[in-house]
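If you want the building blocks of each chain, they are given just below.
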Amino acid sequence: MDTNSTFAISAAGMALERARVEVAALNIANAHTTQAAGQPGFAPLRVVAQAAPAGAFAAMLESGGASAAMLAPEFRVEAAGIAPRLVHEPGHPLADAHGFVSYPNVDPATEMVSLLGATRAYEANVAAMNTTRTLAMKALDIGGQT
Amino acid sequence: MSGIEPIGGVPLQQLSGMFPTDEVGPPLAAAAAGTDPTGGFSQLVTQGLAQVNEKLLANQTSLQRLATGDTQNVHQVMIQLEESRLSFQLMMQVRGRLLEAYQDIMKMQI
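Anyway, here's the lowdown on the structure attached to this text.

Rules used throughout
Residues numbered from 1 in each chain as written. Chains lettered and ligands numbered in written order. Predicted model: local features only at pLDDT ≥ 70, side-chain atom pairs only at ≥ 80, totals over all residues. Heavy atoms only, no water. Helix = DSSP H or I, 4+ residues; strand = E, 2+ residues; numbered from the N terminus. Buried < 20%, exposed > 50% of the residue type's maximum accessible area, 1.4 Å probe, protein only. Areas by Shrake-Rupley, 256 points an atom, 1.4 Å probe, with all protein chains shown as cover. Axes fitted to C-alpha atoms, helices over the stretch in contact; angles between N-to-C directions. Parallel < 35°, antiparallel > 145°, perpendicular 65-115°, else oblique. Left-handed = near helix turned anticlockwise from the far one by under 90°. Contact = heavy atoms within 4.5 Å. Nonpolar A, V, L, I, M, F, W, Y, C, P; charged D, E, K, R; others polar. Core = buried A, V, L, I, M, F, W, Y, C linked by side-chain atoms within 4.5 Å. Expected span 1.5 Å × (residues − 1). Patch = residues over 30% accessible without salt bridge, like charges linked within 9 Å, V, L, I, M, F, W, Y side chains within 5 Å. Salt bridge = Lys/Arg side-chain N within 4 Å of Asp/Glu carboxyl O. 1 Å grid on protein atoms, 1.4 Å probe; cavity = no way out; pocket = protein on both sides within 12 Å on 5 of 7 lines; lining within 4 Å. Points joined across faces, edges and corners; volume = space filled by probe spheres on them.

### Concerning the overall build of chain B
Next up, step 1: In terms of regular secondary structure, chain B is built from four helices and zero strands.
Next up, step 2: Each helix and strand of chain B, placed in order from N terminus to C terminus, yields the pattern α-α-α-α.
Next up, step 3: Counting over 110 residues, chain B shows a buried share of 13%.
Next up, step 4: About 9,200 Å² of surface is accessible on chain B, with carbon and sulfur atoms providing 63% of the total.

Structure below.
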């Protein structure tokens, strides 16, 4: 298998983890934003990643690295579907008739954990890529005068 | 004590049966070079050089885009850099081997 396709696999993983970090950062940044009553405010987002079809990797290995693109995990960003958090602030200019202001129900602990997990997974992808590179560089040492 | 065969010469058929497949195999370009004896290998070298050059040029483009803040993710650029470094190293190794062989031949006493 070509090393470039292994690089492409790691790159796909890195792209996914990057998306998770971006989404977590967006959620945290919008944690205290609000919107006028009746209008849809910010909804917490999440990344849904779908694995490549089973057997695709074996097929790629056996066919000699045709394309690593079909292995890339597909991910999409969708609303987490969490109901907004209602806070009683009668003096708020965006409060509704009962004095409630709706904030997105962002859980800081969840976001921090997903940030940490994404960081570690990104590092793991980088380590996998570096190992591939080390293998390729070591292969170039074959027959060298050392 | 007749069950154990004495250690000795292994028949050739048995040896080839032990290692049925040639793991390395003939060079891919052998067939092409056979049909075109004028410049099979030099053509290969030229193609390899062109590919390495292409990668380096692509790197330059993506580095320019990184410098102007146009790029989306840094890891793509880094991976491209690594790819081109690998192909450049491969080219250097091939060049080293070629020069070594050339110098060996030139030093040959006739």
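### Comments concerning the environment of A:Ile142
Next up, step 1: Note on placement: A:Ile142 falls in the segment after α3 (108-140).
Next up, step 2: For the pair A:Ile142 and A:Ala58, spaced 84 residues apart in the sequence, the C-alpha separation amounts to 28 Å.

### Some details on the packing of helix α1 (residues 3-29) of chain A against helix α4 (residues 74-106) of chain B
Next up, step 1: For the pair α1(A) and α4(B), interaxial distance at closest approach is 10 Å and the crossing angle is 165 degrees. One way to sum up the angle between α1(A) and α4(B) is to call them roughly antiparallel. The interaxial crossing formed by α1(A) with α4(B) has right-handed handedness. For the pair formed by α1(A) and α4(B), the contact residues are A:Thr3, A:Asn4, A:Phe7, A:Ala11, A:Met14, A:Ala15 and A:Arg18 on the first element and B:His75, B:Gln76, B:Ile79, B:Glu82, B:Glu83 and B:Leu86 on the second.
Next up, step 2: Of the residues in the contact of α1(A) with α4(B), the class split is six nonpolar, four polar and three charged.

### Brief notes about the nonpolar core
Next up, step 1: A:Phe7, A:Ala11, A:Met14, A:Met129, A:Ala136, B:Ile79 and B:Leu86 form the largest nonpolar core, which has seven residues in total.
Next up, step 2: Among the elements of the structure, α1 and α3 of chain A together with α4 of chain B are those that each provide at least two residues to this core.
Next up, step 3: In terms of residue count, α1(A) provides more of this core than any other element does, three residues in total.
Next up, step 4: Ignoring anything within four residues of it in the chain, the contact list for B:Ile79 reads A:Phe7, A:Ala11, A:Met14 and A:Met129.

### Thoughts on α3(A)
Next up, step 1: A rise of 1.5 Å per residue sets the reference length of α3(A), with its 33 residues, at 48 Å; its end C-alpha atoms lie 48 Å apart and thus fit the reference within 8%.
Next up, step 2: Along α3(A), the residues that are buried comprise A:Glu111, A:Ser114, A:Leu115, A:Ala118, A:Asn125, A:Met129, A:Thr132, A:Ala136 and A:Leu140.
Next up, step 3: Where α3(A) is buried, its residues meet α1 of chain A together with α4 of chain B.

### Quick word on a nonpolar patch on the surface
Residues and elements named next belong to chain B.
Next up, step 1: Where nonpolar side chains cluster on the molecular surface, the patch consists of Phe 41, Leu 44, Leu 90, Val 94 and Leu 98 and spans about 430 Å² of accessible area.
Next up, step 2: Contributions of two or more residues to the nonpolar patch are made by α3 (40-67) and α4.
Next up, step 3: Examined against the element boundaries, Val 94 turns out to sit in helix α4.
Next up, step 4: According to the relative accessible area criterion, Val 94 is partly exposed, its value standing at 37%.

### Considerations on the pattern of salt bridges
Next up, step 1: Applying the stated criterion to the full structure yields eight salt bridges over all chains.
Next up, step 2: In this structure, A:Glu78 engages A:Arg76 in a salt bridge whose closest nitrogen and oxygen atoms are separated by 3.6 Å.
Next up, step 3: For B:Arg65, the salt bridge identified is with B:Asp70, shortest N-O distance 3.6 Å.
Next up, step 4: Linked by salt bridges that have partners in common, A:Arg133, B:Glu82 and B:Arg85 make up one network.

### Points about the layout of surface pockets
Next up, step 1: There is about 550 Å³ of room inside the largest pocket.
Next up, step 2: In terms of lining residues, the largest pocket is bounded by 22 residues, among which B:Gly48, B:Val52, B:Ser87, B:Leu90 and B:Met91 are the most central.
Next up, step 3: The set of elements that each furnish at least two residues to the lining of the largest pocket consists of α1 and α3 of chain A together with α3 and α4 of chain B.
Next up, step 4: Here the lining of the largest pocket is built from residues that sort into 13 nonpolar, five polar and four charged.

### Points about α4(B)
In an α-helix there are 3.6 residues to a turn, and that puts residues three or four apart on one side.
Next up, step 1: Over its 33 residues, α4(B) runs 47 Å from end to end, which matches the ideal 48 Å to within 8%, given 1.5 Å per residue.
Next up, step 2: Of all the residues in α4(B), the buried ones are B:His75, B:Val77, B:Ile79, B:Glu82, B:Glu83, B:Ser84, B:Leu86 and B:Ser87.
Next up, step 3: Buried residues along α4(B) sit in contact with α1 and α3 of chain A together with α3 of chain B.

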